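Structural characterization, general
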Amino acid sequence: MTSLNTSSYIATSSLSATQVQLSVASANIANADTDGYTAKSASVTSQSTLGYGSGVSVTGISSSVSKYLLEDLMNATTETAGATVTADYLGSLQQSFGTTTGSDGDGSSLANTIAAFESSLTELAATPESASLASATVSALEDVTYQLNGMSAEVQQQIDRADEEIADGVDAANEAITTIAVLNEQIEAASARGDSTADLEDQLNVAIVSLSEQMEIATFKGGDGTVKVYTSSGQVLVDNSVHLLSAETGADGKTIVSVNGADITADLESGRLGALIELRDETLPAYQDMLDELATTFIDELNAVSPDLLTGSGAADIAVSESVRSDPGQMLGSTLPSEVAYNMLDVLQSDASFDAAGNLSGGDMTFTDYANDILSDLVGKTNSAQTSLETAEGELTIVSDTISSMYGVNVDEELARLSELEQLYSVASTLLSVVQQMFDDLLAAVQ
C-alpha cells in the first residue's frame, strides 16, 4: 500500500509540474512578439523521502537578462533617441535654408537670391533711368529680405518647438518613472508571497529602457528584483518613493527641468531631452546669430550707399523701406543714379567685414560667400548628425539582436518542448490511471 501511495504521489507531482511547464511554454509562444518579453523556464527539482525518490516540484519560473546587456541597451537607446532628434531638426532646417543648385540648375539658397539681386542691379546700373528695371531690382531686393525673414522665422519656430518638446519629454519621463515605481511595489509583493516575478521584471526592464530614451540614467537592482533609478548626475528618481521631474518656465521664458528641487537642465546632455536642450540653447540660436549678422551688415552697407533703403534690426524684421517700395526709383536717388547703382554693386561684389557669429569665425567676404558659409555649416552638421544616427542605430540593433538571440522566444524550440511535455503529461496520466486501478483492485480483493 505504501508503495502504491508513493507511486501515486510521484505521478501526481509529475502531472502538476508538467502542467506548469506546459503553461510556461504556451505563454512563451503566445508572447513571442511582445515587446520586452523574454523566454521563461520552470525550474523542476526532484524530491526524496528517506533517501527514496518521492516526486518532483516546480521551484520557480524565471528569466534573467544580463545586467551588462541591459546597460548596453539603455545606453544605445539613449544615444539613438538623442541622435534621432538632432538629425530630424537639422534636416528640417537645412531643407528650409534651400540648396545652391536645383534640378533645373537654379538654387533656392539665400546666396542664390542675393546673386539674383546683384544680377538685377547690374542691369539697372546700365540703364538707371528704366522704371521697369528699378521695379524688378526692388522686387529682387525684397526677395532677399523675405528669405531672411522666413529663415529667421523657421529657426525661431524650431527653438519654440524644441522648448515644447522638452516639456513633453518630461511628461514621458515621469510616466516611465511612475511605472517603474508601481512595478517595484508589485515585484516586492510577489516576492514576499513567493510568486514568480519574471513577467513583472520584463515589464520593469521595458519601463527602464523607455525612461533611458528621454535621458541618461543609472540603475541599481536589489536582491528582490526591485530597482533604484538615478539621473546621470546622481539625483534620485526612484527609491522607496517616486521623485518626478518638473518642467517650469524660467526667467528667460525657457523651460527648465528640475527634480528634488534642483535644476538639472544643464546636466541633461543625452537622450531626447539632452538633444532638445542643446538644440534650443546652442545649435539653433547659433544660426539665428549668423542670419542676424548677415542681415545687419547688409542693412548697414547698402544704407551707406542708398540711405533709408532698408529698415530693421536683424534677420527677423529686415525689410525694404515703404518709400522705396512705393517708388522704386528712389533706390538710386535723383543725383547721379548710375553712380549709386555701381556703388551698390561694389558693396555686393566686394568683401564686407563680418563679426564672428554662431559657428562662423567672421572676417572679410562677400555677402554670397557668407550666406554660402552659413548653409555649408548647416549641411556639415546635418551630415554629421545623420552619420551619428546611423552609428547609434547600428549599435542599438546589435544589442537588441543579442538580447533577442540569448533571451528571446524561439518558437520552434518552444513547440518542440511543448510536444515533449504533452507526451510526458500523457505518460504521467497513464501511470496515475494504472496506480488508481491497482488501488481499486486491491480494495476489491480486501472486500
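Up top is the structure.
A brief look at the structure comes next.

What counts, and at which threshold
- Residues numbered from 1 in each chain as written.
- Predicted model: local features only at pLDDT ≥ 70, side-chain atom pairs only at ≥ 80, totals over all residues.
- Heavy atoms only, no water.
- Helix = DSSP H or I, 4+ residues; strand = E, 2+ residues; numbered from the N terminus.
- Contact = heavy atoms within 4.5 Å.
- Areas by Shrake-Rupley, 256 points an atom, 1.4 Å probe, with all protein chains shown as cover.
- 1 Å grid on protein atoms, 1.4 Å probe; cavity = no way out; pocket = protein on both sides within 12 Å on 5 of 7 lines; lining within 4 Å.
- Points joined across faces, edges and corners; volume = space filled by probe spheres on them.
- Nonpolar A, V, L, I, M, F, W, Y, C, P; charged D, E, K, R; others polar.
- Pairing = 2+ DSSP bridges.
- Core = buried A, V, L, I, M, F, W, Y, C linked by side-chain atoms within 4.5 Å.
- Buried < 20%, exposed > 50% of the residue type's maximum accessible area, 1.4 Å probe, protein only.
- Axes fitted to C-alpha atoms, helices over the stretch in contact; angles between N-to-C directions.

What to know about the overall build of the protein
- On a plain count of helices and strands, the protein comes out with ten helices and twelve strands.
- The contacts of the protein with a sequence gap of at least 6 include a subset with a gap of at least 24, amounting to 64%.
- On the protein, roughly 22000 Å² of surface is accessible, and the fraction owed to carbon and sulfur atoms is 48%.

Describing empty space enclosed by the protein
- Applying the stated criterion across every chain, the model contains two cavities of 30 Å³ or more.
- Together, F97, S109, L110, A111, M151, L291, A371, I374 and L375 line the largest cavity.
- When contributions to the lining of the largest cavity are tallied by element, the ones reaching two or more residues are α3 (110–126) and α9 (367–407).
- Here the element with the most residues in the lining of the largest cavity is α9; it accounts for three residues.
- Among the residues forming the lining of the largest cavity, the class breakdown is eight nonpolar, one polar and no charged.
- Size it by volume and the second largest cavity reaches roughly 30 Å³.
- As for the second largest cavity, its lining consists of M215, E216, S232, D267, L268, E269 and S270.

Regarding the pairing of strand β3 (residues 217–221)
- Where β3 meets strand β4 (residues 227–231), five bridges bridge the pair, whose relative direction is antiparallel. Bridging across to β4, I217 finds its partner in T231.
- Joining the antiparallel neighbours β3 and β4 is a turn of five residues, in which G225 adopts a positive phi near 95 degrees.

Some remarks on the nonpolar core
- Counting 100 residues, the largest nonpolar core has F97, F117, L211, L237, L245 and F298 as its most contacted members.
- Considering each element in turn, this core owes the most residues, 20 residues, to helix α4 (residues 131–193).
- Apart from residues no more than four positions distant in its own chain, L237 is found in contact with I177, L211, M215, I217, V229, Y230, T231, V242, H243, L245 and V259.

A short note on the sheet that holds β3
- Spatial ordering of the open sheet is given by β3-β4-β5, a layout of three strands whose pairing is antiparallel. Unpaired on one side and paired on the other, β3 and β5 (236–238) mark the two borders of the sheet. With direction set aside, neighbouring strand axes in the sheet form an average angle of 30 degrees.

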